[in-house]
Amino acid sequence: MEFPLRSIEVTERLPLSGIRVVDFSWIIAGPTCARILALMGAEVLKVESHRRPDPSRRGGGAGFHMLNQGKKSITLNLSTTRGLELAKQLISVSDVVIENFATGVIERLGLGYDVLKELRPDIVMVSSSGLGHTGPDQSHVAYGTLLQCFTGWSAQTGFPGKSPLIGGAWTDPLTGMMQAFVIASALHHRSESGTGQYVDFSMAETTSTLLPEAIMEYSMNGRVAERSGNNDELYSPNDLYRCQGDDNWVAIAVTSYEEWKGLCDVIGRDDFGEDKLLVTMAGRRNKRVEIDEAIRSWTMTVTKVEAMHRLQDAGVPSGPSQTASDVFNDPHLDARGFFHTHRSADGRDVRIVSVPWQFQNGPAPKNGRAPELGEHSSDILGEILGIPGDEIETLVGEQVIY
């Protein structure tokens, strides 16, 4: 059955144009969410202070520039009555509030959801924490890597018979991406119903969504899933194979008989392609060691990029295992507009990554440089809240804005 393509209206308006976000988050997870919202057109007001700036600002690293592109920065001293009042005024004319403080902090500041919905009844608020804001573990504070261990994610990562591979804060960007989806959904719901929402967002629960097989294996069969390295239950061969050079590898995943024939042609093993025992995935898994040795004998004679091109030309899914430098200089990503260069406030050109998507019938994502600390304080207070310049100067003198 063929389904007609739904026509999409061409627009020059980004999806979240007109949406204002007050962003109290820091480090990686929350800023990742706010970054995605900013790229989709939202006006993101990043709230910091000189006493408590976002730690990722340290050293002027590219990480801060990437995670906070397109945002505005305002410095507010929330420990002062006036600073708290200003924060509330901004929230009252905004659509979304994001925070990832430890459990109870935002409430102690006087900015809990019960207060915010009085300021703006249809506000959308997302509070992110390691283990949620209810239950016996609510007071525990954790970063992404620890949560990967807590949930069992790290226990599933590695090779059979070897220790788990612990490292890489994958939970943080995953959480940020999921938060952005949640906020977009909540804003859609608000447009239909007129009501806001409060979302208690657990990073541990988000990480657990990556483990459906392991969770089902234990809950349904009482078995603890073991680490499987690069093995795949469906596809064979499926692995990383060493190529020419120092620590260079190519990934190959054969998902059909046609791809298997293409692989045999490329590596010069027609005998494998004609072997009836290797027609099925199960048959190839039974001879995995022999097949891997044959593939490796070929890949060791070529570079990882050459291997990728020759395999892809034969219809075999493959790609090089890239270092950070490889990714940064990848001609395909560059041609797709994945990188952007921004001039920082101190005059440096900073090349940062964008998002791996584009709008089919609309403008490009709203890329822009990351803000300096408090760079937009006066503009935000003056243009959004209508506070006159002399009063703003007084607020600076009283260290309400600092």
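See the structure shown above.
First, a word on what this report is: a plain description of the structure on this page. This one's a predicted model, so the numbers in the text were calculated from it and none came from an experiment.

**With respect to unusual backbone geometry**
- Along the chain, Ser236 connects to Pro237 via a cis peptide bond; the corresponding omega equals -5°.
- Tracing the backbone through its elements, the reader meets Pro237 in the loop between α9 (212-221) and β7 (238-242).
- The backbone of Asp247 sits at a positive phi, close to 60°, despite the residue not being glycine.
- Note on placement: Asp247 falls in the loop between β7 and β8 (249-253).
- Positioned with a positive phi, Gln399 is a non-glycine residue whose angle comes to about 60°.
- In this fold, Gln399 is placed in the segment after α18 (389-397).

**Side note on the packing of aromatic side chains**
- Applying the stated criterion across every chain, the model contains four aromatic pairs.
- Ring geometry for Phe338 against Phe339: centres 5.3 Å apart, planes inclined by 75°, an arrangement best described as edge-to-face.
- Phe338 gets classed as buried once you look at its relative accessible area, which sits at 17%.
- Each member of the aromatic cluster is reached from another via a ring pair, and the members are Phe328, Phe338 and Phe339.
- Taking NZ or CZ as reference, Arg52 lies 3.6 Å from the ring centre of Trp26, over its face.
- The lysine or arginine in question, Arg269, covers the ring of Phe272, its NZ or CZ lying 4.1 Å from the ring centre.

**Quick word on the packing of helix α1 (residues 29-39) against helix α7 (residues 171-193)**
- Remark: α1 packs on α7, axes separated minimally by 7 Å, with the N-to-C direction vectors making an angle of 45°. In terms of axis orientation, α1 runs oblique to α7. Regarding α1 and α7, the two cross each other, and that crossing is right-handed. Packed against α1, whose contacting residues are Ala29, Gly30, Thr32, Cys33, Ile36 and Leu37, the element α7 presents Asp172, Pro173, Thr175, Gly176, Met177, Gln179, Ala180 and Ile183 at the interface.
- Residues that form the contact of α1 with α7 fall into these classes: eight nonpolar, five polar and one charged.

**Structural notes on the state of the cysteines**
- Applying the stated criterion to the full structure yields zero disulfides.
- Cys264 supplies the cysteine sulfur nearest to Cys243, a cysteine that is in no disulfide, at a spacing of 17 Å.

**Looking at helix α13 (residues 288-299)**
- Across its 12 residues, α13 extends 16 Å between first and last C-alpha, which sits within 8% of the 16 Å expected from 1.5 Å per residue.
- Ile291, Asp292, Ala294, Ile295, Trp298 and Thr299 are the residues of α13 that are buried. Projected down its long axis, α13 carries its buried residues within an arc of 160°, all on one side. Turned more than 90 degrees from where α13 packs its buried face, Val289 and Ser297 sit exposed.
- The inward-facing, buried residues of α13 abut β7, β8, α10 (257-267), α11 (270-274), α12 (281-286) and α14 (304-313).

**Examining the environment of Arg223**
- Assignment of secondary structure puts Arg223 in the loop between α9 and β7.
- Excluding residues that lie within four positions of it along the chain, Arg223 makes contacts with Glu217 and Tyr218.

**Notes on the sheet that holds strand β9 (residues 318-320)**
- Taking strand neighbours across the sheet as the criterion, the three strands line up as β7-β8-β9 in an open arrangement whose pairing is antiparallel. Whereas interior strands pair on both sides, the edge strands pair on one side only; in this sheet they are β7 and β9. Within the sheet, the average angular offset between the axes of one strand and its neighbour, ignoring direction, is 20°.
- Looking at chain direction, β8 and β9 are connected through three bridges and run antiparallel. Counterpart to Val250 in the pairing with β9 is Pro320.

**Observations concerning the packing of α10 against α13**
- Two numbers describe how α10 lies on α13: the axes approach to 9 Å, and their chain directions differ by 50°. Judged on the interaxial angle alone, α13 and α10 are oblique. In the packing of α10 onto α13, the handedness of the crossing is left-handed. Packed against α10, whose contacting residues are Trp260, Leu263, Val266 and Ile267, the element α13 presents Ile291, Ala294, Ile295 and Trp298 at the interface.
- The residue makeup of the contact of α10 with α13, split by class, is eight nonpolar, no polar and no charged.

**Focus: the nonpolar core**
- Ranked by size, the top nonpolar core spans 28 residues in total, and within it Phe24 and Leu381 carry the most contacts.
- Breaking this core down by element, the ones donating at least two residues are β2 (43-48), α3 (81-92), α5 (113-119), α17 (377-384) and α18.
- Residues contacting Phe24, with those up to four places away along its chain left out, are Val47, Leu78, Ile91, Val97, Ile98, Glu99, Asn100, Phe101 and Leu111.
- Ranked by size, the runner-up nonpolar core spans 21 residues in total, among them Leu16, Ile19, Ala180 and Leu187.

Procedures and definitions
- Residues numbered from 1 in each chain as written.
- Predicted model: local features only at pLDDT ≥ 70, side-chain atom pairs only at ≥ 80, totals over all residues.
- Heavy atoms only, no water.
- Helix = DSSP H or I, 4+ residues; strand = E, 2+ residues; numbered from the N terminus.
- Phe/Tyr/Trp six-rings, centres within 6.5 Å; stacked < 30°, edge-to-face > 60°.
- Buried < 20%, exposed > 50% of the residue type's maximum accessible area, 1.4 Å probe, protein only.
- Lys NZ or Arg CZ within 6 Å of the ring centre and 35° of its normal.
- Axes fitted to C-alpha atoms, helices over the stretch in contact; angles between N-to-C directions.
- Parallel < 35°, antiparallel > 145°, perpendicular 65-115°, else oblique.
- Left-handed = near helix turned anticlockwise from the far one by under 90°.
- Contact = heavy atoms within 4.5 Å.
- Nonpolar A, V, L, I, M, F, W, Y, C, P; charged D, E, K, R; others polar.
- Disulfide = S-S within 2.5 Å.
- Expected span 1.5 Å × (residues − 1).
- Arc of directions from axis to C-beta.
- Pairing = 2+ DSSP bridges.
- Core = buried A, V, L, I, M, F, W, Y, C linked by side-chain atoms within 4.5 Å.

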